[in-house]
Amino acid sequence: MASHLTIYHLPLKQPTKLDSCHVQRSISCNFKKQESAQNSTGLPFIHRKKLLSDLTTWGIGGPCNYFIQVFNHTQLVSALRYCNEQSMRFMILGKGSNCLFDDVGFDGCIILNRIEFMEKIEESGVYRVGSGYPFNCFGVVSANDGFSGLEFAAGVPGTVGGAAYMNAGANGQETAAAIDSIEIVTNEGESRMLKRRELNFGYRLSPFQELKDLASITAVTFRLKFSKTAREMQQEYLARRWRTQPLGQRSAGSVFRNPSSMGFSAAELIEKTGLKGLRVGGAMVSNKHANFFINCGCATSQDMLELIGLVKDAVNQKFGVELKEEISYIHPS
Ligand SMILES: Cc1cc2nc3c(=O)[nH]c(=O)nc-3n(C[C@H](O)[C@H](O)[C@H](O)COP(=O)(O)OP(=O)(O)OC[C@H]3O[C@@H](n4cnc5c(N)ncnc54)[C@H](O)[C@@H]3O)c2cc1C
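A quick note: this is a predicted structure, and the numbers were derived from the prediction, not measured. (Residues numbered from 1 in each chain as written. Predicted model: local features only at pLDDT ≥ 70, side-chain atom pairs only at ≥ 80, totals over all residues.)

## Some thoughts on the overall build of the protein chain
- Counting its regular elements, the protein chain contains 7 helices and 20 strands.
- Burial analysis of the protein chain (333 residues in total) assigns 44% to the buried set.
- Of all intrachain contacts in the protein chain linking residues separated by at least 6 positions in sequence, the fraction that spans at least 24 positions is 66%. (Helix = DSSP H or I, 4+ residues; strand = E, 2+ residues; numbered from the N terminus. Buried ≥ 20, exposed ≤ 12 C-beta atoms within 10 Å, placed from the backbone. Contact = placed C-beta atoms within 7 Å.)

If you want it as structure tokens, here you go:
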């Protein structure tokens, strides 16, 4: 595992605050390559360009003006302390598989979480996993070990921390059901352990989305049940995904949450509205799965926001249902 920690900086053009439906194109940023430097915490700074399009599955997003990659808890806390000292806005990023960054970029510091350990606890089916560990890999490991609860995870290209934060789920399973406890670090740099019974999760909702003093989830302990069919189920779930989802293309998974009282999924509503294949610039509603929006190669954040807005309006007009985004749009400032 890598042990270095690097901070990248670049001057960001002052962004215009965008409404998520407002369309703005051709935003450019001036990059300036600079030399390495040290900050007060002794962390090495490398001043150079870092594009968020390189850090997200959608492949969309301009530059952030600071970038730090952390590989362990100590580095994470140092990075957070630095952001606090500088009164700098920060965001923890996992695999960027549920995020839409703006073409303008992110005026603040992106902390890329690569805390990737996994410990098998003596008690059977209990694992303590670093929040930067790939969730899909952990799903495969636990099913191969013969444990059930996270078979669906094999198809989710996020981190363990991102899955807990989003309460990721599929195939009737969800992350929260497999959690025993969660370790977090607060904005003040204090470490805390939260037991599952203290936490209220919902459909794609976790208490962390509202927790004001949360800086980052650092580790998750899972408690899984033995099952003879875990591997088999996982293979079935994966095969179904490949049949029904555009996995070879750039997406962020489902754009909208499924409406609760409708009896139809968001994908079914979009499809029934005749929107499969609808395109704005480089952004397109997938022909394979109507709730997956594809970056066809050159999509801007504005293309994607416009497409999301069009689909919402059309579904609302036809069914009177207001779809709610599952993906997060991150304002540039
Ligand atoms: C092909 C594809 C299939 C998908 N299938 C599914 C599916 O079946 N079910 C499902 O629920 N989702 C699915 N997704 C969406 C996505 O993978 C999940 O939401 C995933 O859990 C996001 O994890 P991430 O690490 O990429 O989070 P990111 O996109 O990096 O971040 C998402 C949010 O979580 C926060 N966050 C991330 N890590 C931490 C942390 N350590 N501490 C605090 N906050 C944190 C971020 O700040 C951000 O607000 C799919 C996406 C793709 C591209």
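## Some details on the nonpolar core
- The biggest cluster of nonpolar side chains holds 84 residues, and the ones touching the most others in it are Leu100, Ile111, Val220, Phe293 and Met304.
- At 6 residues, the largest contribution of residues to this core is made by helix α7 (residues 301–319).
- Not counting residues within four places of it along the chain, the set of residues in contact with isoleucine 111 comprises Ile68, Val70, Ala79, Phe90, Met91, Ile92 and Leu93. (Core = buried A, V, L, I, M, F, W, Y, C linked by C-beta atoms within 7 Å.)

## A short note on the site of the ligand
- Close to the ligand lie 33 residues, the nearest being Gly94, Gly158, Gly161, Gly162 and Gly253.
- Among the secondary structure elements, those contributing two or more residues to the shell around the ligand are β5 (90–93), α3 (160–166), β11 (169–170) and β15 (214–223).
- For the shell around the ligand, the element with the most residues is α3, which contributes 5 residues.
- Across the shell around the ligand, the residue classes tally to 15 nonpolar, 17 polar and 1 charged. (Near = placed C-beta within 6 Å. Nonpolar A, V, L, I, M, F, W, Y, C, P; charged D, E, K, R; others polar.)

## Remarks on unusual backbone geometry
- The residue asparagine 167 is not glycine, and still its phi comes out positive at about 45 degrees.
- Position of asparagine 167 relative to the elements: it lies in the loop between α3 and β11.
- The exposure class of asparagine 167 is buried, given the 21 C-beta atoms found within 10 Å.

## Thoughts on the sheet that holds strand β19 (residues 293–295)
- The 3 strands are arranged β17-β18-β19 in an open sheet whose pairing can be described as antiparallel. In this open sheet, the two strands that pair with only one neighbour each are β17 (279–280) and β19.
- Relative to β19, strand β18 (residues 283–285) runs antiparallel, the two being bridged by 3 bridges. When the sheet's bridge partners are listed, methionine 284 is paired in β19 with isoleucine 294. (Pairing = 2+ DSSP bridges.)

## Details of the environment of leucine 55
- Note on placement: leucine 55 falls in the loop between β3 (44–46) and β4 (64–70).
- The spacing of leucine 55 and cysteine 99 is 44 residues in sequence and 9.8 Å in space, taken between C-alpha atoms.
- Apart from the residues within four sequence positions on either side, leucine 55 is in contact with Leu93, Gly96 and Leu112.

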